[in-house]
Each structure stands twice: as structure tokens, then as C-alpha cells.
Amino acid sequence: MYTSEIRKKNHDRKNVNTTLSHSLYSEIKALAKKLDRPANELIEEGMIHVLNQYKKNNK
């Protein structure tokens, strides 16, 4: 079986499909390029931020 050497399989990760605002995604991609980070990392960071905010507000 072929395994990519570029991105190793991480069984803790899940592929998902969703829709996003075109302008919002464009801004994230531009920021990711400026920061030299993958857009996916920034999206995941944002999701963690939202979850932490709701956890903090529900205590």
C-alpha cells in the first residue's frame, strides 16, 4: 500500500467537508501565507479558541 512521505497518516485526525464564506477563507489563506503556516492550522486554532471561550463562559 502506498503511504505518503509528505504527510504521515495521523489516526487522531479526521477529514471533514464543510462550506465557508469565500471571503473569510480567502482572508485565512492570505494570513496563512503571511505567517508561513498551513491554512488548516489556523482554522483548527480558531476552532480551539471557540471551544475554549464556550467552556469558560459555561463555568
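Residues numbered from 1 in each chain as written. Predicted model: local features only at pLDDT ≥ 70, side-chain atom pairs only at ≥ 80, totals over all residues. Heavy atoms only, no water.

**Student:** So what's going on with the overall build of the protein chain? Which residues, and what values?
**Tutor:** For the protein chain, the helix and strand inventory stands at 2 helices and 0 strands. Taken against the 2.2 N^0.38 rule, which gives 10 Å for 59 residues, the C-alpha radius of gyration of the protein chain at 15 Å runs more than 25% over that of a compact globule. Projected onto its principal axes, the C-alpha coordinates of the protein chain cover approximately 45 × 30 × 25 Å. Counting over 59 residues, the protein chain shows a buried share of 5%. With the model as given, the accessible surface of the protein chain reaches about 6300 Å², and the carbon-plus-sulfur share is 54%. (Helix = DSSP H or I, 4+ residues; strand = E, 2+ residues; numbered from the N terminus. Rg over C-alpha atoms; globule rule 2.2 N^0.38 Å. Buried < 20%, exposed > 50% of the residue type's maximum accessible area, 1.4 Å probe, protein only. Areas by Shrake-Rupley, 256 points an atom, 1.4 Å probe, with all protein chains shown as cover.)

**Student:** Please give an account of the packing of helix 1 (residues 22-35) against helix 2 (residues 39-57) that cites residues and values.
**Tutor:** In the contact formed by helix 1 and helix 2, the axes pass within 8 Å of each other and the chain directions differ by 115 degrees. It follows that helix 1 is roughly perpendicular to helix 2 by the angle criterion. Helix 2 is crossed by helix 1, and the crossing has right-handed handedness. The residues of helix 2 that touch helix 1, namely those facing Tyr25, Ile28, Lys29, Leu31, Ala32 and Leu35, are Ala39, Leu42 and Ile43. Looking at side-chain class alone, the contact of helix 1 with helix 2 contains 8 nonpolar, no polar and 1 charged residues. (Axes fitted to C-alpha atoms, helices over the stretch in contact; angles between N-to-C directions. Parallel < 35°, antiparallel > 145°, perpendicular 65-115°, else oblique. Left-handed = near helix turned anticlockwise from the far one by under 90°. Contact = heavy atoms within 4.5 Å. Nonpolar A, V, L, I, M, F, W, Y, C, P; charged D, E, K, R; others polar.)

**Student:** Which residues make up the layout of surface pockets, and what are the values?
**Tutor:** A volume near 860 Å³ is recorded for the largest pocket. Looking at the largest pocket, it is lined by 20 residues, and the ones nearest its centre are Arg13, Lys14, Asn15, Val16 and Asn40. Broken down by element, the lining of the largest pocket gets its largest block of residues, 6 residues, from helix 2. (1 Å grid on protein atoms, 1.4 Å probe; cavity = no way out; pocket = protein on both sides within 12 Å on 5 of 7 lines; lining within 4 Å. Points joined across faces, edges and corners; volume = space filled by probe spheres on them.)

**Student:** Please give an account of the pattern of salt bridges that cites residues and values.
**Tutor:** Scanning the model with the defined rule gives 3 salt bridges in all. The closest approach of N and O atoms between Glu44 and Arg13, which form a salt bridge, is 2.6 Å. Of this pair, Glu44 sits in helix 2 while Arg13 sits in the segment before helix 1, placing them 31 residues apart in sequence. Arg13 sits in the partly exposed class, given a relative accessible area of 45%. (Salt bridge = Lys/Arg side-chain N within 4 Å of Asp/Glu carboxyl O.)

**Student:** Give me the lowdown on helix 1, citing residues and values where you can.
**Tutor:** Every α-helical turn comprises 3.6 residues, leaving residues that sit three or four positions apart pointing alike. Over its 14 residues, helix 1 runs 20 Å from end to end, which matches the ideal 20 Å to within 8%, given 1.5 Å per residue. Of the residues flanking the end of helix 1, it is Asp36, one or two places downstream, whose phi is positive at about 55 degrees. (Expected span 1.5 Å × (residues − 1).)

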